[in-house]
Amino acid sequence: MRVTLFGASGLLGQELVREFHGSKPGGDERSGEHLTALSSKDADLRDRARVREVIFNSRPDWILLAAAYTDVDGCESNRDLAFAVNCEGAINVAEAAREAGSRLLFLSTDYVFDGCKGSPYEITDPRNPTSVYGKSKARAEERLLEILPEVSIVRTSWLFGHGSRCFPATILKLAAARPEISVVNDQRGSPTFAPDLASALAGLCRADARGIVHVTNSGNCTWYDFATEIVRASGLPAKVKPVTTAEFPRPARRPAYSVLSPASLHAYNIHMPEWQDALRRYLESAPATPVAQ
Ligand SMILES: NC(=O)c1ccc[n+]([C@@H]2O[C@H](COP(=O)([O-])OP(=O)(O)OC[C@H]3O[C@@H](n4cnc5c(N)ncnc54)[C@H](OP(=O)(O)O)[C@@H]3O)[C@@H](O)[C@H]2O)c1
């Protein structure tokens, strides 16, 4: 299987490189898999000709599109950039994929939903994004399904891992510096450990997945629950105080409830670990973080 990855320098991308590369640069040929890993310097998604060129040069069986403009609040004030990268950029990749005869797996988000449902979102639930970021991803999903009806769209949520800023790293830093930290307790979702997601994505490619699939770690929590568990598991003395979203207004409106049903993933016989187990592995493997025994 030949794979071309856009977004190789990102939080998820770095784990996908580890997942597909094995120990050999250029790919683990023993497993019959070869990865071409691209960052924005290799190919900007907005550059249609360059996107086409790298896809035709690498001739992949699968294209993994993990590149995106992911600053959710930044998207609110940079709407044009959000749509240019997350929607038009994705269309550039999909059109080249169609021409090259490659399969495409596009990373999308729980933020395509409005958060009003109150029970886990199924892949058939209607999109109703409340943020520019969510709107750019929702529109990309719609267009990609038109361009490539067999596209694989993987929605995930609350990503964390090594190699980039993420929620647990921020909480560890704050909890080490302050006696009390305030965290919102009225947004519920599912944390997702990047290595677990990367492994599931590889499984989906090998299973020739198509259509929308929801992939998160199992279970759900609020950001406050997540922070409380991070502080408890790391043995830090800081107190975690629950607050409301209204007390901490941000430019982008986030869904209050964005738990994604795992049924679409289970259909491929792929099962994700609980988020608490994923967090334990993150903390055990965290480089230079203050983890107490
Ligand atoms: N993080 C989350 O909580 C979360 C939740 C749900 C869904 N997702 C989705 O999951 C995917 C991976 O997210 P992530 O957190 O790993 O992202 P990330 O760490 O922010 O990395 C983004 C990647 O996209 C690349 N990129 C940005 N603009 C680009 C452009 N114009 N052209 C080409 N590449 C560009 C970056 O390359 P450079 O480093 O070279 O700039 C980087 O490799 C994204 O599609 C995201 O929307 C993320």
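Reading the values: the criteria
- Residues numbered from 1 in each chain as written.
- Predicted model: local features only at pLDDT ≥ 70, side-chain atom pairs only at ≥ 80, totals over all residues.
- Heavy atoms only, no water.
- Near = heavy atom within 4 Å.
- Polar contact = N/O pair within 3.5 Å; in protein donor to acceptor, adjacent residues only side chain to side chain.
- Areas by Shrake-Rupley, 256 points an atom, 1.4 Å probe, with all protein chains shown as cover.
- Helix = DSSP H or I, 4+ residues; strand = E, 2+ residues; numbered from the N terminus.
- Nonpolar A, V, L, I, M, F, W, Y, C, P; charged D, E, K, R; others polar.
- Salt bridge = Lys/Arg side-chain N within 4 Å of Asp/Glu carboxyl O.
- Buried < 20%, exposed > 50% of the residue type's maximum accessible area, 1.4 Å probe, protein only.
- Contact = heavy atoms within 4.5 Å.
- Axes fitted to C-alpha atoms, helices over the stretch in contact; angles between N-to-C directions.
- Parallel < 35°, antiparallel > 145°, perpendicular 65-115°, else oblique.
- Left-handed = near helix turned anticlockwise from the far one by under 90°.
- Phe/Tyr/Trp six-rings, centres within 6.5 Å; stacked < 30°, edge-to-face > 60°.
- Lys NZ or Arg CZ within 6 Å of the ring centre and 35° of its normal.
- Pairing = 2+ DSSP bridges.

Enquirer: How should the site of the ligand be read in this particular structure?
Expert: As a matter of local geometry, the ligand sits amid 26 residues, with Ser9, Leu12, Ser40, Thr70 and Tyr133 nearest to it. At 3.3 Å from an oxygen atom of the ligand is found a main-chain nitrogen or oxygen belonging to Gly7. In this structure, Leu12 approaches the ligand through a main-chain N or O atom, which is 2.8 Å from an oxygen atom. Out of a free accessible area of 900 Å², the ligand has 81% covered by protein chains. Sort the elements by how many residues they give to the shell around the ligand and strand S4 (residues 103–109) lands first, with three residues. For the shell around the ligand, a count of residues per class yields 13 nonpolar, ten polar and three charged.

Enquirer: Is there a simple way to think about the pattern of salt bridges in this case?
Expert: Once their charged atoms are close, side chains differing in charge can pair, the charge on each being opposite to the other. What the rule picks out here adds up to 23 salt bridges. With a shortest N-O distance of 2.8 Å, Glu33 and Arg206 are connected by a salt bridge. Here Arg206 lies in helix H7 (residues 194–206) and Glu33 lies in the loop between helix H1 (11–21) and strand S2 (34–38), a separation of 173 residues in the sequence. A relative accessible area of 8% places Glu33 in the buried class. Put simply, Lys117 and Asp125 hold a salt bridge, and the shortest N to O gap is 2.7 Å.

Enquirer: Looking at this structure, how should I read the environment of Ser258?
Expert: Summarising the element assignment, Ser258 is placed in the loop between strand S12 (239–243) and helix H9 (263–266). Judged by relative accessible area, Ser258 falls into the buried class, the value being 1%. Aside from chain neighbours lying at most four places away, what touches Ser258 is Asp110, Tyr121, Trp158, Arg188 and Gly189. A distance of 2.7 Å separates the side chain of Ser258 from the side chain of Asp110, its partner in a polar contact.

Enquirer: Can you walk me through the environment of Ala198 in this structure?
Expert: As for its placement among the helices and strands, Ala198 is situated in helix H7. Remark: the alpha-carbon pair of Ala198 and Glu19, spanning 179 residues in sequence, is separated by 6.5 Å. When neighbours within four sequence positions are excluded, Ala198 is seen to be in contact with Leu12, Glu15, Leu16 and Glu19.

Enquirer: Even after reading the chapter, I still don't get the packing of helix H4 (residues 79–100) against helix H5 (residues 132–147), so can you show me in this structure?
Expert: Helix-helix packing is described using two parameters, namely the angle between the two axes and the distance between the axes. Packing of H4 against H5 leaves a shortest axis separation of 9 Å and a crossing angle of 20°. With respect to their mutual orientation, H4 and H5 come out roughly parallel. Between H4 and H5 the crossing geometry is right-handed. Together, Arg79, Ala82, Phe83, Asn86, Cys87, Ala90, Ile91, Ala94, Glu95 and Arg98 of H4 and Val132, Tyr133, Lys135, Ser136, Lys137, Arg139, Ala140, Arg143, Leu144 and Ile147 of H5 make up the contact between the two elements. Of the residues in the contact of H4 with H5, the class split is eleven nonpolar, two polar and seven charged.

Enquirer: I would appreciate a short explanation of the environment of Val112 in the present structure.
Expert: Within the fold, Val112 resides in the loop between S4 and H5. Taking the C-alpha atoms as reference points, Val112 and Ser258, separated by 146 residues in sequence, lie 9.1 Å from one another. Among all residues touching Val112, those that are not within four sequence positions of it are Arg127, Asn128, Pro129, Gly134, Lys137, Ala138, Glu141 and Arg155.

Enquirer: So what exactly am I meant to see when it comes to the packing of aromatic side chains here?
Expert: The geometry of an aromatic ring pair is captured by two quantities: the separation of the ring centres and the angle between the planes. Enumeration over the complete set of coordinates arrives at eleven aromatic pairs. For the ring pair Phe160 and Tyr282, a centre distance of 5.5 Å and an interplane angle of 80° mean the geometry is edge-to-face. Note that Phe160 is positioned in strand S6 (residues 159–160) and Tyr282 in helix H10 (residues 275–285), a separation of 122 residues in sequence. Directly above the ring of Phe56 sits Arg52, whose terminal nitrogen or CZ lies 4.5 Å from the centroid.

Enquirer: What's the story with the sheet that holds strand S1 (residues 2–6) in this structure? I'm lost.
Expert: Within a sheet, each strand pairs with its neighbour through backbone hydrogen bonds, oriented either parallel or antiparallel. Strand order in the open sheet formed by six strands is S2-S1-S3-S4-S5-S10, and the pairing between neighbours is parallel. The outermost strands of the open sheet, each flanked by one partner alone, are S2 and strand S10 (211–214). Strand-to-strand twist across the sheet, computed as the mean angle between neighbouring axes with direction ignored, equals 20°. One ladder, built from five bridges, connects S4 with strand S5 (residues 152–156); its direction is parallel. Within S5, the residue paired with Thr109 across the bridge is Thr156. Strands S1, strand S3 (62–65) and S4 of the sheet are contacted by H4, whose axis makes an angle of about 165° with S4.

Enquirer: In this structure, what is going on with unusual backbone geometry? I would like to understand it.
Expert: Apart from glycine, the bulk of residues carry a negative phi angle, and the bulk of peptide bonds sit in the trans form. Phi at Trp158 takes a positive value of approximately 45°, unusual for a residue other than glycine. Following the sequence through the fold, Trp158 ends up in the loop between S5 and S6. For Trp158, a relative accessible area of 8% gives the class buried. The phi angle at Asn269 is positive, at roughly 60°, despite the residue not being glycine. The residue Asn269 is located in the loop between H9 and H10 in this model.

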